[in-house]
Amino acid sequence: MALALIALLLVEVLLLVRWAPFFFGTGIALFNQRIAASPAELAQLSLGGLEHDLADEKWMRLVFHALPDGSVAFRESYAPHFGGRYFPLLRGQLVVDTRRREVRVIGRCSWFALVFTAMLLPIVLVRPMAWPMVVFLLVFYMGYYIQRRRYAGVVEAVRARLRSEFPRRFVDQ
């Protein structure tokens, strides 16, 4: 069972590093924010270089990559970083939907975290001595909370680009 979890984690990291389009487009959406936009705003919207619009924080940098279907995938960078760390639970995708006149920011759940949680709960119920492992659920929740706030920052950066505004970090200086 432990080997299957390790294999799943390695496969997931490989898919993230290779920017696999099907991987970013499938899964359980834990974060889904819709940003309404006029056709004119959508026509002038450019999502290239979006990582430069996000404030440099103490967390890992978000990196963006255009996918063949026209959407943009994003995730945490694997570059060395000496700031805060958390377990990355979400992978993100920006989808421009001209028919519905909106841009969606979607955060999909990590397969590893989902399978690990599904396996952990029955183990703790059957083996009460394993209850300290529930701490992993707290770690996952804290990672989700941090990423939810960071994805809200992505939403704000996309809104600023739609309205042709400068990002807040440039205005405040």
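For the structure itself, consult the block above.
A quick note: this is a predicted structure, and the numbers were derived from the prediction, not measured.

I tried to follow unusual backbone geometry on my own but got confused; where do I start?
Phi is mostly negative for residues that are not glycine, and the peptide bonds are mostly trans. Despite not being glycine, W19 shows a phi value in the positive range, around 55 degrees. Counting through the fold element by element, W19 comes out in the loop between α1 (2-17) and α2 (21-25). Classification of W19 as buried rests on a relative accessible area of 13%. In this structure, R101 takes a positive phi of about 55 degrees despite not being glycine. Considering the arrangement of structural elements, one finds R101 in the loop between β4 (90-97) and β5 (102-109). According to the relative accessible area criterion, R101 is partly exposed, its value standing at 47%.

Hey, could you run me through the environment of F31 in this one?
Along the chain, the position of F31 falls in strand β1 (residues 29-36). Remark: the alpha-carbon pair of F31 and L138, spanning 107 residues in sequence, is separated by 18 Å. Beyond its immediate sequence surroundings of up to four residues, F31 is in contact with L90, V105, I106, G107, R148, Y151, A152 and V155.

Cut-offs and rules
Residues numbered from 1 in each chain as written. Predicted model: local features only at pLDDT ≥ 70, side-chain atom pairs only at ≥ 80, totals over all residues. Heavy atoms only, no water. Helix = DSSP H or I, 4+ residues; strand = E, 2+ residues; numbered from the N terminus. Buried < 20%, exposed > 50% of the residue type's maximum accessible area, 1.4 Å probe, protein only. Contact = heavy atoms within 4.5 Å.

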